[in-house]
Number of protein chains: 2
Amino acid sequence: MTARPLVSPRARARAEMIEQIKQAAREHLAAEGPNLSLRAVARDLGVVSSAMYRYFASRDDLLTALILDGYTSLADAVEEAEGEVPRANLANRWIALAWATRDWALEHRHEYALLYGSPVPGYVAPQDTIGPATRPVVLAMHILADGVERGVVEVPADRLGREVRADMENVRTFAGFEGLPPTLLARGMSAWAQMHGTIGFELFGRLTNAVSDYDSYFDYQLRMMTRFLGLS
Amino acid sequence: MTARPLVSPRARARAEMIEQIKQAAREHLAAEGPNLSLRAVARDLGVVSSAMYRYFASRDDLLTALILDGYTSLADAVEEAEGEVPRANLANRWIALAWATRDWALEHRHEYALLYGSPVPGYVAPQDTIGPATRPVVLAMHILADGVERGVVEVPADRLGREVRADMENVRTFAGFEGLPPTLLARGMSAWAQMHGTIGFELFGRLTNAVSDYDSYFDYQLRMMTRFLGLS
DNA sequence: CGTTTGTCAAGAGCATTGCTCTCGAAGTAG
DNA sequence: CTACTTCGAGAGCAATGCTCTTGACAAACG
């Protein structure tokens, strides 16, 4: 007698097919950009287009799956890179995080555009994307919180407006940072916007004719950033 | 006898038609997002779709025209706002520039996405867009150059890498800033990326659940920025 | 074992898109 | 008046996302 399989062959085949579709879709994304065509990936898989709808209710659903995978892929890469730096070296932890973000963005240009570029027209992010989506920025703020805890990061003595303070408190409790002062959090958000702004400029070709050595440029931007944050 | 019109009625009608098409396209852009449909604007104008091709060789050509108009519209708004601030008030000039940018972006969300968001798939920016496209950032750097000239902005004494220095020299000569030191230019680019990063975050919904009062948030970000630039 | 239930790929079909071509009407210039 | 150009209309082609039906096959159950 054979043991009942833990997952039926059917469910297994289905999971494999879903993975194949996503893989083909990713390749199409990298090749032709965000104009993802269900029929095209169906052709790649030697399958008729209507069969796709057994696995994804719509093209947007496929996109959602890709976006979700993208968020976790990016977050994994970022967390791994940051995790390899000694805890006490705050500046290098931030720099490692930023480089990992940029490296991932350059390797997955169109996926990055999907995550951080202009949103797709009719698409609305479902609730379960916000978890993976916030992992990198939560990690970044964790570095700052660590610095405060270790007493090596000086807390800016700015006077925040009431609304900004409320917003920062909101973010703080959301991410679970008790020891992170709002003024420093605001600085972190500033640096975060700068990092993604710089990466976006490079990726979307807004710096052509202006910058030739993007690595050095990014490196210098990061040096200014860590100084601005009081990490170095 | 009637005088020969300076521009023939035909050329005039043509120019008007082009303007009508662009206007309808802008409205469609604002309503349905970047998925601009030639046939839809043709329907709006009560005209058959093939007639569009008498005025724009392709859908991308229409987009190019909209992008070009967008750049000049944004640049006009920014230059006007900045021009109203007394020349000596460097910080307020920068702040006015930034607010004008954000205001324009909020009023023309999809056009801003066209200009600064992820690029449209097959689209390549023609050469004649780079002029209007750089007007705002040239203006921003001009404020910094002005500050150096007036001797009120301190020049950062950073040591730039050779590549970064070369890039900054490149940008400097391109924009015609002789008196702007590379280290300050690099700071300017940093602030520029931060500004567009922050605006993009707000516009593309990357700050929902984190920020509630975007005006105050942007205001505070600007205060940090002008301090970082040495303008206040 | 045999029947039922559910899942699957295939195909036809609908409305939409960008774009091309041809045709006749109408305006313009000599 | 005649020759030329420009225009809008319409048909048509190759795509797209998505729906529906049909027939085959596997899993589950009695």
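Residues numbered from 1 in each chain as written. Chains lettered and ligands numbered in written order. Predicted model: local features only at pLDDT ≥ 70, side-chain atom pairs only at ≥ 80, totals over all residues. Heavy atoms only, no water.

Caption draft 1: Up close: the relation of the copies chain A and chain B. Once chain A has been moved 0.0 Å along the axis and rotated by 180°, it coincides with chain B to within an RMSD of 0.1 Å. Such a combination of rotation and displacement between the chain copies is what one expects of a two-fold axis. (Least-squares fit on C-alpha atoms with pLDDT ≥ 70 in both.)

Caption draft 2: How the structure looks around the protein's contact with DNA strand D. Taken together, 22 residues sit near DNA strand D, with Leu38, Arg39 and Arg59 of chain A together with Ser50 and Arg54 of chain B positioned nearest. Restricting attention to atoms of DNA strand D within 4 Å of the protein, one finds that 47% of them are sugar or phosphate atoms. At 3.1 Å, a side-chain N or O of Arg43 of chain A approaches a phosphate oxygen of DNA strand D. Here Tyr53 of chain A contributes a side-chain N or O atom positioned 3.2 Å from a phosphate oxygen of DNA strand D. Looking at the surface near DNA strand D, the elements with two or more residues in it are helix H1 (9–32) and helix H2 (38–44) of chain A together with helix H1 (9–32) of chain B. Of the residues belonging to the surface near DNA strand D, the class tally is 9 nonpolar, 5 polar and 8 charged. (Near = heavy atom within 4 Å. Polar contact = N/O pair within 3.5 Å; in protein donor to acceptor, adjacent residues only side chain to side chain. Helix = DSSP H or I, 4+ residues; strand = E, 2+ residues; numbered from the N terminus. Nonpolar A, V, L, I, M, F, W, Y, C, P; charged D, E, K, R; others polar.)

Caption draft 3: Here's a closer look at the interface of chain A and chain B. Tallying the contact residues gives 46 residues for chain A and 46 residues for chain B. Both faces considered, chain A and chain B share a buried interface measuring about 3800 Å² in area, 60% of it formed by carbon and sulfur atoms. Our count for the chain A to chain B interface comes out at 2 salt bridges. One can count 20 residue pairs in polar contact (both at pLDDT 80 or more) joining chain A with chain B. Taken together, the elements giving at least two residues each to the side of chain A that touches chain B come down to helix H5 (109–116), helix H7 (162–175), helix H8 (182–203) and helix H9 (214–229) of chain A. With 12 residues, H8 of chain A is the largest single contributor of residues to the side of chain A that touches chain B. When grouped by side-chain class, the residues that make up the side of chain A that touches chain B number 24 nonpolar, 14 polar and 8 charged. (Contact = heavy atoms within 4.5 Å. Buried area = accessible area lost by both parts, 1.4 Å probe. Salt bridge = Lys/Arg side-chain N within 4 Å of Asp/Glu carboxyl O.)

Caption draft 4: Structural detail: the environment of Leu114 of chain A. Residues and elements named next belong to chain A. Here Leu114 shows up in helix H5. We classify Leu114 as buried; its relative accessible area is 13%. Sequence separation of Leu114 and Ala75 is 39 residues, and the distance between their C-alpha atoms is 15 Å. Setting aside residues up to four positions removed in sequence, Leu114 forms contacts with Leu29, Leu63 and Ile67. (Buried < 20%, exposed > 50% of the residue type's maximum accessible area, 1.4 Å probe, protein only.)

Caption draft 5: Structural context of the packing of aromatic side chains. All names here are of chain A. Counted according to the given criterion, the structure contains 7 aromatic pairs over all chains. Measuring from ring centre to ring centre gives 6.5 Å for Tyr71 and Tyr116, while their planes differ by 85°; the resulting arrangement is edge-to-face. Placement of Tyr71 in helix H3 (residues 59–83) and of Tyr116 in helix H5 is noted, with a sequence separation of 45 residues between them. With a relative accessible area of 12%, Tyr116 lands in the buried category. (Phe/Tyr/Trp six-rings, centres within 6.5 Å; stacked < 30°, edge-to-face > 60°.)

Caption draft 6: Structural context of the pattern of salt bridges. With the rule as written, the count across this model stands at 36 salt bridges over all chains. With a closest N to O distance of 2.9 Å, Arg223 of chain A and Asp219 of chain A form a salt bridge. With Arg223 of chain A and Asp219 of chain A both in helix H9 and 4 residues apart, this pair spans about one turn of that helix. Residue classification places Arg223 of chain A among the partly exposed positions, given a relative accessible area of 42%. Take Asp219 of chain A: its relative accessible area is 26%, and that puts it in the partly exposed class. Residues Arg102 of chain B and Glu202 of chain B are paired through a salt bridge, measuring 2.8 Å at the closest nitrogen-oxygen approach. Separated by 100 residues along the polypeptide, Arg102 of chain B in helix H4 (residues 90–107) and Glu202 of chain B in helix H8 (residues 182–203) bring together distant segments of the chain. Note on Arg102 of chain B: relative accessible area 2%, which makes it buried. Here the residues in one salt-bridge network are Glu82, Arg87, Arg93, Asp146 and Arg150 of chain A, joined through shared partners.

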